[in-house]
Amino acid sequence: QYSPDSVAGADGEIDPTEITLRGCSCRSSSCVAPRCSCLCRGDNYSGPCLRGAEQEPFARPVFECSALCPCSEACPNRVVQRGLQLRLQVFRTPRKGWGVRTLEFIPQGRFVCEYAGEVLGLAEARRRIQAQSPEDSNYIIAVREHLHDGRVLQTFVDPTHIGNVGRFLNHSCEPNLFMVPVRVDSMVPRLALFAATDISAGEELSYDYSGRFHNSPGSSGEHKPLEEENTLRKPCYCGSPTCASFLPWDGSLFSTP
């Protein structure tokens, strides 16, 4: 079932459509820093592109103006919430199943699409992962945001049955997209994918499933798997010179709490 935005999962634990963040009080059509309380959290965009994406070594939190903000829909701090604006095509790849390519040039930093699906609680995400067989495709993504005070915010999104074009994006060890959690109406983030480099028309789109930001080698927190864990891992067919041979592995959802 196609859905442009994430929805509450079957467990009903998290509702991503709930509006909980306070809006700004800007009365103009376009918010301006530092007067806008939303932009005080970060002046994120330069047009449709993420500002400073090529310099920073990590993904900073991004907050957009929300449904409670009086600014207009044309406000420059509304990018991800406008949804897909580019011409993308789902196509059949030779070895990786379905994939997604762009039909137009995408400049570095441009928002491409969201990874949308059912937003799950930890228990339901673990249950679904453990119910999968080795032959099943796994679409569940676990995003962990590490806060300055040591807390870790976890978001689990499963587009297996409800999702958008993002579910067809393949992994690459040298990707041309990177993922950033973007908050609009609540603290439940939208998993937004931006261009890590200029992308030519016809090029397949990909991101690093391990969550490495801006293709930084060695920045992934993925542990080196034990030899027996390799039997559970799926081979990587990205074809890049630095290919790790296996898709990224996160064993935490397979373990019993």
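Residues numbered from 1 in each chain as written. Predicted model: local features only at pLDDT ≥ 70, side-chain atom pairs only at ≥ 80, totals over all residues. Heavy atoms only, no water.

Draft legend 1. Summary view of the overall build of the protein chain. Within the protein chain one finds one helix and 14 strands. Taking the contacts inside the protein chain whose residues are at least 6 apart along the sequence as the reference set, 68% of them involve residues at least 24 apart. For the protein chain, the exposed surface amounts to about 13,300 Å²; the carbon and sulfur share of it is 52%. (Helix = DSSP H or I, 4+ residues; strand = E, 2+ residues; numbered from the N terminus. Contact = heavy atoms within 4.5 Å. Areas by Shrake-Rupley, 256 points an atom, 1.4 Å probe, with all protein chains shown as cover.)

Draft legend 2. The arrangement of the sheet that holds strand 5 (residues 88–92) in detail. Spatially, the four strands line up as an open sheet ordered 5-6-14-11, and their pairing is mixed. If you trace the sheet from one side to the other, it starts and ends with strand 5 and strand 11 (170–171), each paired once. In terms of strand pairing, strand 6 (residues 98–102) meets strand 14 (residues 204–207) through two bridges, oriented antiparallel. Bridge pairing in strand 14 places Arg101 opposite Glu204. (Pairing = 2+ DSSP bridges.)

Draft legend 3. Highlighting the packing of aromatic side chains. Considering all chains together, one arrives at four aromatic pairs under this definition. With 5.0 Å between their ring centres and 55° between their planes, Tyr207 and Tyr209 make a pair best called tilted. Positioned above the aromatic ring of Phe63 is the side chain of Arg41, whose terminal nitrogen or guanidinium carbon lies 4.6 Å from the ring centre. (Phe/Tyr/Trp six-rings, centres within 6.5 Å; stacked < 30°, edge-to-face > 60°. Lys NZ or Arg CZ within 6 Å of the ring centre and 35° of its normal.)

Draft legend 4. Quick peek at the sheet that holds strand 1 (residues 7–8). One open sheet accounts for four strands, arranged 1-8-10-9; its pairing is mixed. Both outer strands of the open sheet, strand 1 and strand 9 (141–146), are each paired with one neighbouring strand and no more. In this sheet, strand 10 (residues 152–158) lies alongside strand 9 in antiparallel orientation, the contact comprising six bridges. Note that in strand 10 the partner of Val143 across the bridge is Thr155. Against the sheet, helix 1 (residues 122–130) engages strand 8 (118–120) and strand 10, with an angle of about 110° to strand 8. (Axes fitted to C-alpha atoms, helices over the stretch in contact; angles between N-to-C directions.)

Draft legend 5. How the structure looks around the pattern of salt bridges. Under the defined criterion, the tally for this structure stands at 10 salt bridges. Ionic pairing is found between Arg183 and Glu145, a salt bridge with its closest N-O pair at 2.7 Å. Of this pair, Arg183 sits in strand 12 (residues 177–183) while Glu145 sits in strand 9, and the two are 38 residues apart along the sequence. In this structure, Arg183 and Glu145 share a single accessibility class: buried. Here the salt bridges share partners, and the residues they tie into one network are Glu118, Glu124, Arg127, Arg128 and Asp158. (Salt bridge = Lys/Arg side-chain N within 4 Å of Asp/Glu carboxyl O. Buried < 20%, exposed > 50% of the residue type's maximum accessible area, 1.4 Å probe, protein only.)

Draft legend 6. Spatial organisation of the nonpolar core. Val112 and Leu205 are the most contacted members of the largest nonpolar core, which totals 21 residues. Contributing elements (two or more residues each) for this core: strand 7 (111–114), strand 9, strand 12, strand 13 (190–195) and strand 14. Ranked by residues supplied to this core, first place goes to strand 13 with three residues. The contact partners of Val112, leaving out residues within four places of it in the chain, are Leu84, Leu86, Leu88, Ile106, Leu177, Leu193, Phe194, Ala195 and Leu205. Grouped together as the second largest cluster of nonpolar side chains are 13 residues, Tyr45, Val62, Val80 and Phe111 included. (Core = buried A, V, L, I, M, F, W, Y, C linked by side-chain atoms within 4.5 Å.)

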